[in-house]
Amino acid sequence: MSLFVRPASRVCSSLKNSHHYLKRGVSSTMRLIQFKHKSSEEIRLGVEQKEGGNVIDLNAFEPSLPCTMRQFLEKGEAALVTAKRAQELGKNVLERSEVNLLPPVTNPDKIICVGMNYADHCAELNVPTPKEPVIFNKFPSSIVGPYDSIILPKESKEVDWEVEMAFIIGKKGKHIKTAEAMEYVVGFTVALDVSARDWLTKTSNGNQWLLGKSFDTFCPLGPALVTKDSLSDPHNLGIQCKVNGETVQKSKTSLMIFKTEALIAWVSQFITLYPGDIFLTGTPPGVGLFKTPPTFLKPGDTIECDIDEIGIIRNKVI
């Protein structure tokens, strides 16, 4: 069955091209983005020609493609092949100055978060490393773009930073085996898990992790969905966070306790994973809560999160 609605001749042509590309083993190395033209509110899909470079408009290249990343991923391998073909042909290019980047995924079915997943962060907390992944979540409405502002809520006085590597699910799965888990990952992005510490630890009616993690604007993502083939090794990348130019977190993803495959295998025991689902894989040491004295975000601060080979997001606090 065709993944795109189009005349029969074009379907045949597309399938031939897809088979040709897959048979050749063409790498799916890409930086996929969601964006808007500066003169429009319409969400569109694109491919960055390089980090911070010009953008190939995928919806102009192939009008039958969906305009959101989640719907694009739901189309499966054929959609990725079309995007790769657009990248190789280099047509329908927009100057970077013409576009505004959005989060690479804006409406996932779920955001799954992992706590205490860096060995050096556990040492900072003076707690033993977990025997099993510590899982919580954020509401999808907390997502904002790679350069959008973070709004400090009046309900919290202790808003903190956490740089994290995130990965995005590319196909539906349940009870996924560890050895097969990377087949379900389409790519990686940078995340900032903004956290209201007072709601996580000090509320009168218990630890409100979901609320403390899910205020509006508390999940900047981007700058792109970098496909997994683009990375030398997602579990051996430098990861760091700067606040107002000062490096506050600096580590390596090799220090993650539970790697991507283990997280997928663990979580998929309980819930079905869908294309576009986002996993935030935990943060290294250096959060504001454990500085002396504790330091929290204030209006005017700028947070910069950087992961090797994936990119940088930069968010101002207002």
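Structure shown above.
First, a word on what this report is: a plain description of the structure on this page. (Residues numbered from 1 in each chain as written. Predicted model: local features only at pLDDT ≥ 70, side-chain atom pairs only at ≥ 80, totals over all residues. Heavy atoms only, no water.)

Concerning the overall build of the protein chain
Item 1. In terms of helices and strands, the protein chain carries eight helices and 18 strands.
Item 2. Looking at the protein chain alone, contacts between residues at least 24 apart form 75% of all its contacts between residues at least 6 apart.
Item 3. Accessible surface, the protein chain as shown: approximately 13,900 Å² in total, 53% of it carbon and sulfur. (Helix = DSSP H or I, 4+ residues; strand = E, 2+ residues; numbered from the N terminus. Contact = heavy atoms within 4.5 Å. Areas by Shrake-Rupley, 256 points an atom, 1.4 Å probe, with all protein chains shown as cover.)

Points about the packing of aromatic side chains
Item 1. Overall, the coordinates contain six aromatic pairs when judged by the stated rule.
Item 2. When the centroid spacing of 6.5 Å and the interplanar angle of 75 degrees are considered together, the rings of W199 and F215 count as edge-to-face. One end of the pair, W199, is in helix α6 (residues 197-201); the other, F215, is in the loop between α7 (209-213) and β13 (219-227), with 16 residues separating them in the sequence.
Item 3. With a relative accessible area of 24%, W199 lands in the partly exposed category.
Item 4. Site record: aromatic cluster; members linked through ring pairs are F167, F188 and F279.
Item 5. For the cation-ring pair, K171 lies above Y184, with the distance from its terminal atom to the ring centre recorded as 4.6 Å. (Phe/Tyr/Trp six-rings, centres within 6.5 Å; stacked < 30°, edge-to-face > 60°. Buried < 20%, exposed > 50% of the residue type's maximum accessible area, 1.4 Å probe, protein only. Lys NZ or Arg CZ within 6 Å of the ring centre and 35° of its normal.)

Section: helix α8 (residues 260-267)
Along an α-helix, residues three or four positions apart point the same way, because every turn accommodates 3.6 residues.
Item 1. Among the residues making up α8, those that are buried are T260, L263, I264, A265 and V267.
Item 2. If you follow the buried residues of α8, they end up packed against β6 (111-115), β7 (134-138), β10 (163-169), β11 (185-192) and β16 (278-280).

A word on the environment of H121
Item 1. Within the secondary structure, H121 is located in helix α5 (residues 119-125).
Item 2. Sequence separation of H121 and G286 is 165 residues, and the distance between their C-alpha atoms is 7.8 Å.
Item 3. At 2.9 Å, the side chain of H121 and the side chain of E124 are in polar contact. (Polar contact = N/O pair within 3.5 Å; in protein donor to acceptor, adjacent residues only side chain to side chain.)

Observations concerning the pairing of strand β14 (residues 238-243)
Item 1. Extensive coverage of β14 is indicated by the burial of five of its six residues.
Item 2. In this sheet, strand β15 (residues 246-252) lies alongside β14 in antiparallel orientation, the contact comprising six bridges. Within β15, the position partnered with Q240 by the bridge is K250.
Item 3. Where β14 folds back on β15, the antiparallel hairpin that results is connected by two residues, among which N244 adopts a positive phi of roughly 55 degrees.
Item 4. Both β14 and strand β17 (residues 302-307) contribute to a ladder of five bridges, which runs antiparallel. Looking across to β17, one finds that V243 is bridged to I303. (Pairing = 2+ DSSP bridges.)

Some remarks on the environment of C241
Item 1. Topologically, C241 is positioned in strand β14.
Item 2. Residue C241 is classed as buried on the basis of its relative accessible area of 0%.
Item 3. As for C241 and I303, which are separated by 62 residues in sequence, their C-alpha atoms are 7.1 Å apart.
Item 4. Here C241 is in contact with W161, V163, E246, T247, V248, Q249, I303, E304 and C305, once residues within four sequence places are set aside.

Quick word on the pattern of salt bridges
Item 1. A complete count under the given rule lists 17 salt bridges for this structure.
Item 2. The salt bridge partner of K213 is D193, with a shortest N-O separation of 2.8 Å. Within this pair, whereas K213 is found in helix α7, its partner D193 is found in the loop between β11 and β12 (195-196), the two being separated by 20 residues in sequence.
Item 3. Assessed through its relative accessible area of 0%, D193 is described here as buried.
Item 4. Here E304 and R314 are joined by a salt bridge, their closest N and O atoms 2.9 Å apart. (Salt bridge = Lys/Arg side-chain N within 4 Å of Asp/Glu carboxyl O.)

Concerning the sheet that holds β17
What holds strands together in a sheet is hydrogen bonding between their backbones, with the strands either parallel or antiparallel.
Item 1. The strand order β15-β14-β17-β18 describes an open sheet built from four strands, whose pairing is antiparallel. Lying at the two open borders of the sheet, with one neighbouring strand each, are β15 and β18 (311-316). With strand direction ignored, the average angle separating the axes of adjacent strands in the sheet is 10 degrees. (Axes fitted to C-alpha atoms, helices over the stretch in contact; angles between N-to-C directions.)

Some details on unusual backbone geometry
Item 1. Each neighbour pair has its own omega, and for G222 with P223 the value is -5 degrees, a cis peptide bond.
Item 2. Positionally, P223 belongs in strand β13.
Item 3. Geometrically, the link from T292 to P293 is a cis peptide bond, its omega value of -5 degrees lying close to zero.
Item 4. As for its position among the elements, P293 is in the loop between β16 and β17.
Item 5. If you check the backbone angles, M116 has positive phi at about 50 degrees while not being a glycine.
Item 6. Assignment of secondary structure puts M116 in the loop between β6 and α5.
Item 7. A positive phi is found at H175, a non-glycine position, where the angle reads about 50 degrees.
Item 8. Locating H175 in the fold gives a position in the loop between β10 and β11.

With respect to the side chain of K36
Item 1. With respect to the secondary-structure elements, K36 resides in strand β1 (residues 31-37).
Item 2. When residues no more than four places from it in sequence are discounted, the contact partners of K36 are E41, E42, I43, E98, V99, N100 and L102.

Everything listed here is a matter of coordinates, which is why it stays silent on function.
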